[in-house]
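# A structural walkthrough
If you want the building blocks of each chain, they are given just below.
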Amino acid sequence: MTAMAVKQCTPSLIFANPTTEATSVLFIKKLTGVIMSTIAYNRNLFEESDFSERSFEGITVKIVEGQASPGALALSKWLKGAFDAFDQKYLESITLEINDGMEQPIESYTLGYSYFNNEVQCHFSGSGDNGEILQDNDFLKKKDIRSVIRNVLTLTQTNSPLPQDACTSVKISYRQNTPVDYEPPGFQPYTQCSSVKVGKMSKYNCGTVTTHFHSFNLKGKLYERSREMISCLCGKDNYNATLLKCKVCGCLQHSACFKIFPTEKDMSQRDHTCLKCSSSEVTHEYSPEECIFRCAIVLCSISKSLSVSKVKENLMLDENTALVNVRRLLREEALCKGTQPPTLEKLDFPYNVNKIKVMKKLKREYFDCS
C-alpha cells in the first residue's frame, strides 16, 4: 500500500483575452467583481464566510461568493443593477462609499468605464523583458490588471480600521445618452445632501485597464474626519473611532470610554451627557487605563489580527502602553498566543484575534450591553 501527498492548490481566476465585445464585457464585469471584493474583504465590510480565496497571476485575492450577511447580498444586487446599465452602455462609474455613523465620508472607491464603439481605439505596443517588441495588448493588459489589484491591496490594507458604525453604499453615475427615466434594479435617484461636511481629502489613482472595446480605471479617496473637539476620559484625541457627542457641552467622546460598545446604529443620535457635565464621579472603570483597554477591545472586534505596533498606531499610544494592553488582551485570551511572548523588539509580531472571546466574554464584562 502506498500513499501519495497531494498538493492543495488555490482555485484560479481565469481572464481570457477579450477579443470580442462580448468577451470584453464579461472581462470588465469579472474585474469589477474582483476589485469590489478586494475592497470589501480588506476593509472588513462583510463576514469571513462571505468570501472564497482565489489566485490570479500569483496574487491571492478574496472573492465575494457567499451571501451569509445582508451586506454581501446587497453588494451582489447592486452590482447586478450596475451591470444592467453597463450592458446598455449607460454606466459611467460605480462608487463604493464608506461613511461613519454621522454620515461623514471616510473613504470612497470609484470605478470608471469607457466605451470604444466596437472599434480598436487603444492598441498597445511595448518591450518585453527580453527586448522583444510585442504587437498586441495581451502582455500589457495582464500587467495592468496585476498593477490595479496590487494598488488596491496596498491602499486598503494600509488604511486605518473603520469605526464600528461605518456604513456602506454604492452610487452609480450615467453617461449623457442615458434616458432620463432610467434606473437599474436596486437603485433610485440620489441627490447629494448639502449638509455633508467633507474634510481634507487624499486622492489615489490605482490604475487603468484597457481592452479593444472598453476602458476601466479605479480611483480612491480618503477623507480626514471632521475635527470637532474631542474631550475624552482616555486623554486621546483619536478621531478614528466611534464618537458620541455630549448634548450639553457639544464635545466628542469615544463610545468605548463610556462603556458603550459601538454598533451599526448612528451613535451621534444617542442621548449622551459626559461625566463632567453630569457632575458624576469618575470611578476606576472610567480611568484612562480602563478606557484605553476598552478601546483596545473594540479594535479587536474589527481586526483579524493585532500587533503592538498596530495598537500603538490606532489608539495613539506610546510603545509601553500599547505593550501593556496587548499583554492584557493575551491574558484575557482575546488574542491567540504565538510561539513567543511580545517584546519591544517584536512590535510587528501579529496575534490572531479570538472573535468569540471578544464578543461573548469581554464585551459582556467591560461594556454596558443591556
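Report on the accompanying structure.

Parameters and conventions
- Residues numbered from 1 in each chain as written.
- Predicted model: local features only at pLDDT ≥ 70, side-chain atom pairs only at ≥ 80, totals over all residues.
- Heavy atoms only, no water.
- Axes fitted to C-alpha atoms, helices over the stretch in contact; angles between N-to-C directions.
- Helix = DSSP H or I, 4+ residues; strand = E, 2+ residues; numbered from the N terminus.
- Parallel < 35°, antiparallel > 145°, perpendicular 65-115°, else oblique.
- Left-handed = near helix turned anticlockwise from the far one by under 90°.
- Contact = heavy atoms within 4.5 Å.
- Nonpolar A, V, L, I, M, F, W, Y, C, P; charged D, E, K, R; others polar.
- Core = buried A, V, L, I, M, F, W, Y, C linked by side-chain atoms within 4.5 Å.
- Buried < 20%, exposed > 50% of the residue type's maximum accessible area, 1.4 Å probe, protein only.
- Pairing = 2+ DSSP bridges.
- Arc of directions from axis to C-beta.
- 1 Å grid on protein atoms, 1.4 Å probe; cavity = no way out; pocket = protein on both sides within 12 Å on 5 of 7 lines; lining within 4 Å.
- Points joined across faces, edges and corners; volume = space filled by probe spheres on them.
- Salt bridge = Lys/Arg side-chain N within 4 Å of Asp/Glu carboxyl O.

A pair of packed helices can be characterised by two numbers: the angle between their axes and the separation between those axes. In the contact formed by helix α1 (residues 21–42) and helix α2 (residues 70–87), the axes pass within 11 Å of each other and the chain directions differ by 150°. By the criterion of interaxial angle, the relationship of α1 to α2 is roughly antiparallel. Crossing angle aside, the handedness with which α1 passes α2 is right-handed. Contact residues: α1 offers Val25, Ile28, Lys29, Thr32 and Met36, while α2 offers Leu79, Phe83, Phe86 and Asp87. Residue classes in the contact of α1 with α2 are distributed as six nonpolar, one polar and two charged.

Take the nonpolar core next. Within the largest apolar cluster, 50 residues are counted, with the highest numbers of intra-cluster contacts made by Ile35, Leu91, Ile94, Tyr113, Ile149, Phe216 and Leu218. With 10 residues, the single largest contributor to this core is α1. The residues contacting Leu218, other than those within four sequence positions of it, are Ile35, Tyr109, Thr110, Leu111, Val148, Val152, Tyr204, Asn205, Cys206 and Gly207. Listed in part, the 43 residues of the second largest apolar core include Cys232, Cys295, Val311 and Leu315.

What follows concerns the sheet that holds strand β8 (residues 201–210). Overall, antiparallel pairing links the five strands, which are arranged β7-β3-β4-β9-β8 in an open sheet. In the strand order of this sheet, the two ends are held by β7 (167–174) and β8, each with one partner. Averaged over all adjacent pairs, the angle separating strand axes in this sheet is 15°, with direction ignored. In the sheet, strand β3 (residues 91–99) pairs with strand β4 (residues 105–115) via seven bridges, with the strands oriented antiparallel. Residue Ile98 lies in a different strand from β4, and its bridge partner there is Glu107. Across the sheet, α1 touches β3, β4, β8 and β9 (214–223), and the angle it forms with β9 is around 15°. The sheet strands contacting α2 are β3, β4, β7 and β9, and the helix crosses β7 at an angle near 5°.

Burial in helix α8 (residues 355–366) covers these residues: Val358, Leu362 and Tyr366. Angularly, the buried residues of α8 cover 40° about the axis, an arc narrow enough to put them on a single face. Projecting away from the buried face of α8 at angles above 90 degrees are the exposed residues Ile356, Lys360 and Arg364. On its buried side, α8 packs onto α5 (288–301) and α7 (319–331).

In this structure the tally under the stated criterion is two cavities of 30 Å³ or more. Within this model, the largest cavity holds a volume of roughly 230 Å³. When contributions to the lining of the largest cavity are tallied by element, the ones reaching two or more residues are α5 and α6 (308–315). For the lining of the largest cavity, the element with the highest residue contribution is α5, accounting for four residues. Classifying every residue of the lining of the largest cavity by side-chain character gives 13 nonpolar, seven polar and one charged.

In this section: the pairing of β9. Within a regular strand, side chains alternate between the sheet's two faces. Along β9, seven of the 10 residues are buried, which leaves the element largely enclosed by surrounding structure. Strand direction decides the pairing type here: β4 and β9, joined by nine bridges, are antiparallel. Its bridge partner being in β9, Tyr113 is matched across the sheet by Phe216. Two elements, β8 and β9, share nine bridges in a ladder whose sense is antiparallel. Within β9, the position partnered with Val209 by the bridge is Phe216. If you look at the hairpin formed by β8 and β9, you'll find three residues sitting between the two strands.

One pass over the full model with this rule turns up 14 salt bridges. Here Arg43 makes a salt bridge to Glu107, at a shortest N to O gap of 2.7 Å. Of this pair, Arg43 sits in the loop between α1 and β1 (51–56) while Glu107 sits in strand β4, placing them 64 residues apart in sequence. We classify Arg43 as buried; its relative accessible area is 5%. A relative accessible area of 4% means that Glu107 is categorised as buried.

This next bit is on the layout of surface pockets. Put simply, the largest pocket is a space of about 1,500 Å³. Contributing to the lining of the largest pocket are 44 residues, with Arg43, Asn44, Leu45, Phe46 and Ile302 lying nearest its centre. Broken down by secondary-structure element, the contributors of at least two residues to the lining of the largest pocket are α1, α2, α3 (138–158), β7, β12 (305–306), α6 and α8. Looking at the lining of the largest pocket, its residues break down into 20 nonpolar, 16 polar and eight charged.

Below, the discussion takes up the packing of α6 against α7. Packing of α6 against α7 brings their axes to within 8 Å, and their N-to-C directions diverge by 115°. When you trace α6 past α7, the crossing you get is right-handed. Together, Val308, Val311 and Lys312 of α6 and Glu319, Ala322, Leu323 and Val326 of α7 make up the contact between the two elements. Among the residues making up the contact of α6 with α7, the classes are represented as five nonpolar, no polar and two charged.

Mapped onto the fold, Val152 is located in helix α3. Looking at Val152, the relative accessible area reads 2%, which means it is buried. Taking the C-alpha atoms as reference, Val152 lies 8.7 Å from Leu218; in sequence the two are 66 residues apart. With residues near it in sequence (within four places) discarded, Val152 still touches Ile35, Thr38, Ile39, Cys206 and Leu218.

In short, geometric facts, not functional conclusions.
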